[in-house]
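The primary structure of each chain is shown beneath.
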Amino acid sequence: MRTDTPQTIHRADYQPLSWNVTHVDLHFSLDHAATLVSSKLTLKRNPNAPRGPLVLLGDELELVSLKIDGREPATQRITPTRVEVDIEGDSATAEIVTRIAPEKNTALSGLYTSRGGFFTQCEAEGFRRITWFPDRPDIMARFVVTLEADKAKYPVLLSNGNLVGQGELHNEHPDRHFARWEDPFLKPCYLFALVAADLAVNERHILTASGREVLLQIWTEAASLDRTEHAMDSLVRAIRWDEQRFGLELDLERFMIVAVSDFNMGAMENKGLNLFNSKLLLATPDTATDVDYENIEAVVAHEYFHNWTGNRVTCRDWFQLTLKEGLTVFRDQEFTADMLAAEGGDSKARAVKRIDDVRVLRAAQFPEDAGPMAHPIRPDSYQEINNFYTATVYEKGAEVIRMIATLLGRDGFRKGMDLYFQRHDGQAVTCDDFVAAMADANNRDLSQFLRWYSRPGTPVVTATGEYAAATQTYTLTLTQPAEGKDGPLLVPVAIGLIGANGRDLPDTSSPARTRHHREDLDLYRHRRAPGAVAAARLLGAGAGQFRGRRRHACLPHGARCRSVQPLGCSTAFHGARRPRAGY
């Protein structure tokens, strides 16, 4: 309901809808001034929700007709933004015809026109500007989409999934043609996409790790086609990396990217049909800098990685946005680090990438955490959904994922990811489900770690170190104030020692245990080489700030760590093993 007073939506108020949509059949008769959208929804009553009406949401839509099982409903309640229909039984079919004017859609949300073509943007709540629908991410369905348009003006007709039919409308409209697309995977409506325009294509066929041949396409205006090669190379590298690092393959027959001049986001991960702002896709050496090339590769990878972390498994509600964005930012950061290391032949390139990421975090997210806009990576309420897309949700969200990776190690994190997809493929889930998969796959208790999802602000950990020449041991003490009603945050830290010559000391650690209150920590006692001067190198992971006697650092590397400090008071321990870069 639209009111003059902003309505606050609370995460605690989440309730599943009474009706699920299992299949969606959409037909678009595209016209700049008056597009007709016909939708056929297969409905099933939700056994996990109280019985209630079918709820359809809309925004600036003209409802032409609505039928339930072929008949006009006996009872329906209609407002400009909401339709409620009482339905008997546990299954039904809804047929809805809607009229919209894409050329008047200046919000660039929903279906709009740009440079003579049709494009869509549906995240977060744009699909309700296309047709009446229960526009929520927890409503996941299989989509079949038919596009019909003037074949001279719009020779290219694209939507999600696999192309299952195309041709001309000979008898009815000889100047028009159609294309039919079928997405075999469940998806929420915010991942729906449509493109109808006069475009050229850069194509490449590749084999997936399992031997399937897939088609990669980048569509843009003909004059810009020569500027797509770097993006295509970046896409191939991202596909290969995801296969090798996480065992995740491209699951469709084709993967498409489209460059759009007018787009209110950098890029969008629509299932199998990514839409990009042209700035983040097109480049040639005479017009683009090295930074442009790096950004294009990172964004192409980010949106492709969403194919699994965001699309195949999506968020139950928008409060869980960091579930897909924080995880996918972490994945694209790791991808870029690995690409830099492979290109330079030096694993230290990963550390350079990590430093860059931390600088972004300090410049963009730390001020957000320190000001009146501070919020947890999983907020508890909102009034405007588009304000959710913050550095905290994305960048700090990625740091929280990196801390999990630090705690579990590379193999443990992979085990958690495998279990996450095994449990939740095709589902809309929560941040708690992700952490539970990580914990269960590694037989770890991460209940305390969940505080990161509900706590705003940047924790401060004070580090002090002492070297005892007599015993040749270096002792590092970390202290974190016990802020918040639920106590301190768990901050994993990796530690190494550097000799007087500036090189890492050899690993001569021997296991030792130290006890503080009721917590046991597995630690290491490090003996230095004779004559060496020890110094601490903090290479942990997290969004916290380290304040030591001689240096400040922002936990700049998410490597494997044997030493974890979850306490709110001082804890001393002796030495540690320094993780190798690239772990």
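Predicted, not measured: the structure shown is a model, and the values here were computed from it.

1. Let's talk about the overall build of the protein chain
Alright, step 1. For the protein chain, the helix and strand inventory stands at six helices and 35 strands.
Alright, step 2. Considering the protein chain as a whole, with its 583 residues, one finds that 56% of them fall into the buried category.
Alright, step 3. Of the contacts made within the protein chain by residues no fewer than 6 positions apart, 70% connect residues no fewer than 24 positions apart.
Alright, step 4. Total accessible area computed for the protein chain in this model is approximately 24900 Å², and 48% of it derives from carbon and sulfur atoms.

2. So, unusual backbone geometry
Alright, step 1. Cis peptide bonds are those with omega within 30 degrees of zero, and the linkage from Glu123 to Ala124 qualifies with 10°.
Alright, step 2. Its location among the elements puts Ala124 in the loop between β10 (117–121) and β11 (140–150).
Alright, step 3. Positive phi is not limited to glycine here, since Asn443 has a value of about 55°.
Alright, step 4. Of note, Asn443 is situated in the loop between α6 (431–442) and β25 (460–468).

3. Some thoughts on the side chain of Glu303
Alright, step 1. With respect to the secondary-structure elements, Glu303 resides in helix α2 (residues 290–305).
Alright, step 2. When neighbours within four sequence positions are excluded, Glu303 is seen to be in contact with Ala267, Met268, Glu269, Asn274 and Phe276.

4. Digging into the pattern of salt bridges
Alright, step 1. Enumeration according to the criterion identifies 43 salt bridges in this entry.
Alright, step 2. Of the charged contacts in the structure, one is a salt bridge between Asp90 and Arg45, with a shortest N-O distance of 3.3 Å. Of this pair, Asp90 sits in the loop between β7 (82–85) and β8 (91–100) while Arg45 sits in strand β3 (residues 35–45); the two residues are 45 residues apart in sequence, bridging distant segments of the chain.
Alright, step 3. For Arg51, the salt bridge identified is with Asp90, shortest N-O distance 3.2 Å. Of this pair, Arg51 sits in the loop between β3 and β4 (54–57) while Asp90 is found in the loop between β7 and β8, placing the two residues 39 residues apart along the sequence.

5. Here we look at α6
Alright, step 1. A rise of 1.5 Å per residue sets the reference length of α6, with its twelve residues, at 16 Å; its end C-alpha atoms lie 17 Å apart and thus fit the reference within 8%.
Alright, step 2. For α6, the full list of buried residues reads Cys431, Phe434, Val435, Ala437, Met438, Ala439, Ala441 and Asn442.
Alright, step 3. Backbone geometry just after α6 places Asn443 at a positive phi near 55°.

6. What about the nonpolar core?
Alright, step 1. Residues Phe28, Phe143, Phe192, Leu216, Val258, Phe413 and Phe434 are the most contacted members of the largest nonpolar core, which totals 145 residues.
Alright, step 2. A total of 14 residues in this core trace back to one element, the largest contributor, which is helix α5 (residues 391–424).
Alright, step 3. Those residues in contact with Leu216, other than ones at most four positions away along the chain, are Asn202, Glu203, Arg204, Ile206, Met232, Leu235, Val236, Ile239, Leu250 and Phe255.

7. A closer look at the packing of helix α3 (residues 321–344) against α5
Alright, step 1. Across the interface, α3 lies against α5 with an axial gap of 8 Å and an inter-helix angle of 75°. One way to sum up the angle between α3 and α5 is to call them roughly perpendicular. On α5, the residues touching Leu321, Thr322, Leu323, Glu325, Gly326, Leu327, Val329, Phe330, Arg331, Gln333 and Glu334 of α3 are Val393, Tyr394, Glu395, Gly397, Ala398, Glu399, Ile401, Arg402, Ala405, Phe413, Met417 and Tyr420.
Alright, step 2. Here the contact of α3 with α5 is composed, by residue class, of 13 nonpolar, four polar and six charged.

8. What about α3?
The α-helix advances 3.6 residues per turn, and as a result positions three or four apart in sequence lie on the same side.
Alright, step 1. Taking 1.5 Å of rise per residue, 24 residues should cover 34 Å, and α3 covers 35 Å from first to last C-alpha, within 8% of that figure.
Alright, step 2. The buried count for α3 comes to 19 of 24 residues, which makes it a mostly enclosed element.
Alright, step 3. Phi turns positive one or two residues past the end of α3, at Gly345, with a value near 65°.

9. Thoughts on the sheet that holds strand β6 (residues 76–79)
Alright, step 1. Strand order in the open sheet formed by three strands is β4-β7-β6, and the pairing between neighbours is antiparallel. Of all strands in the sheet, those bounded by a partner on one side alone are β4 and β6. The average angle at which neighbouring strand axes cross in this sheet is 10°, direction not considered.
Alright, step 2. Strand direction decides the pairing type here: β4 and β7, joined by four bridges, are antiparallel. Note on β7: the bridge partner recorded for Leu57 is Arg82.

So, how was this worked out
- Residues numbered from 1 in each chain as written.
- Predicted model: local features only at pLDDT ≥ 70, side-chain atom pairs only at ≥ 80, totals over all residues.
- Heavy atoms only, no water.
- Helix = DSSP H or I, 4+ residues; strand = E, 2+ residues; numbered from the N terminus.
- Buried < 20%, exposed > 50% of the residue type's maximum accessible area, 1.4 Å probe, protein only.
- Contact = heavy atoms within 4.5 Å.
- Areas by Shrake-Rupley, 256 points an atom, 1.4 Å probe, with all protein chains shown as cover.
- Salt bridge = Lys/Arg side-chain N within 4 Å of Asp/Glu carboxyl O.
- Expected span 1.5 Å × (residues − 1).
- Core = buried A, V, L, I, M, F, W, Y, C linked by side-chain atoms within 4.5 Å.
- Axes fitted to C-alpha atoms, helices over the stretch in contact; angles between N-to-C directions.
- Parallel < 35°, antiparallel > 145°, perpendicular 65-115°, else oblique.
- Nonpolar A, V, L, I, M, F, W, Y, C, P; charged D, E, K, R; others polar.
- Pairing = 2+ DSSP bridges.

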